[in-house]
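Residues per chain are reported as follows:
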Amino acid sequence: MVSTSRHHACAHRRLFLKGLSTLPLALPFASAHAATDRHLAFRHTHTDERLDTLYRNRNGYVEPAMRSLNKLFRDFRTGEVARIDPRLYDILHALSVTCGGGTFEIISGYRSPKTNKMLRRTGGGGVAKRSLHMDGKAVDIRLVGCDTARLRDAALALGAGGVGYYPDSDFVHIDTGPVRSWGPKTA
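Residues numbered from 1 in each chain as written. Predicted model: local features only at pLDDT ≥ 70, side-chain atom pairs only at ≥ 80, totals over all residues. Heavy atoms only, no water.

**Description of the overall build of the protein**
A tally of regular secondary structure across the protein gives 5 helices and 8 strands. For the protein, the succession of helices and strands along the chain, N to C, is α-β-β-β-α-α-β-α-β-α-β-β-β. The buried share of the protein, reckoned over its 187 residues, is 43%. Surface summary for the protein: the accessible area is close to 10,300 Å², and the carbon and sulfur share equals 55%. (Helix = DSSP H or I, 4+ residues; strand = E, 2+ residues; numbered from the N terminus. Buried < 20%, exposed > 50% of the residue type's maximum accessible area, 1.4 Å probe, protein only. Areas by Shrake-Rupley, 256 points an atom, 1.4 Å probe, with all protein chains shown as cover.)

**With respect to helix 5 (residues 148–158)**
Across the 11 residues of helix 5, 8 count as buried, placing the element largely inside the fold. Among all positions in helix 5, only T148, A149, L151, R152, A154, A155, A157 and L158 are buried. Put simply, D147 is the residue that caps the front of helix 5, since its side-chain oxygen is 3.0 Å from the backbone nitrogen of A149. At the C-terminal side of helix 5, G159 shows a positive phi close to 60°. (Polar contact = N/O pair within 3.5 Å; in protein donor to acceptor, adjacent residues only side chain to side chain.)

**As for the environment of M66**
One can find M66 in helix 2 (residues 63–72). Taking the C-alpha atoms as reference, M66 lies 8.8 Å from R56; in sequence the two are 10 residues apart. Not counting the four nearest positions on each side in its chain, M66 is found in contact with Y55, Y61, P86 and Y89. (Contact = heavy atoms within 4.5 Å.)

**Regarding the sheet that holds strand 8 (residues 180–182)**
With mixed pairing, the 8 strands of this open sheet are ordered in space as 3-2-1-4-5-7-6-8. The outermost strands of the open sheet, each flanked by one partner alone, are strand 3 (60–61) and strand 8. The pairing of strand 1 (residues 38–44) with strand 2 (residues 50–57) spans 6 bridges and is classified as antiparallel. Among the inter-strand pairings, H39 is bridged to a residue of strand 2, identified as L54. Seen against the sheet, helix 3 (residues 86–99) touches strand 1, strand 2, strand 3, strand 4 (104–108), strand 5 (138–143) and strand 7 (171–175) and runs at an angle of roughly 95° to strand 1. Those strands touched by helix 5 are strand 5, strand 6 (162–166), strand 7 and strand 8, and its axis lies near 165° from that of strand 6. (Pairing = 2+ DSSP bridges. Axes fitted to C-alpha atoms, helices over the stretch in contact; angles between N-to-C directions.)

**Here's the deal with the pairing of strand 1**
Of all 7 residues making up strand 1, 6 are buried, and the element is well covered by its neighbours. The turn linking strand 1 back onto strand 2 is made up of 5 residues, and D48 within it adopts a positive phi angle of 60°. In terms of strand pairing, strand 1 meets strand 4 through 3 bridges, oriented parallel. Along strand 4, the bridge assignment pairs R43 with E105.

**What to know about unusual backbone geometry**
Positive phi, close to 60°, is recorded for D48, a residue that is not glycine. Even without being glycine, D170 reaches a positive phi, approximately 60°. Overall, the relative accessible area of 34% leaves D170 in the partly exposed class.

Structural data, given as structure tokens:
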């Protein structure tokens, strides 16, 4: 009986400590959702297009901004535009708030099935057969002025989707899929 009670006490303590460990970075995510006006700034590394926009206000997502963002996140190889999951922008906004703002550099946003297939054949790995990029639910980014390891850590702390870290290519993959992570971890 003592061991069962000890087991429950340890389990509760672990859950409590886990909750506390994520609190500092989770708070900016919550406060980002409480804010009425949400801005994001981007530069696409392949096209050099730039966009600084108010994408959400007290009335919800701003449709003209969403169309502009969808176009910016397009498959730059084929020109195909897709609807990007608005939750992805909310995650990026929370990361911007957490990491002190700045401009996101887009390495890869939406990927057409044709582009994804080509990258799987010719790329150096890391391209999933059923990539969330093809669903408009993923982006590979950097944040100007923020080390990618720090950006990765902030994204992991949010616990809001998938986080992949590619230090050799200096970018972080963010998606709105299930919470998971891959790539080198912090020591």
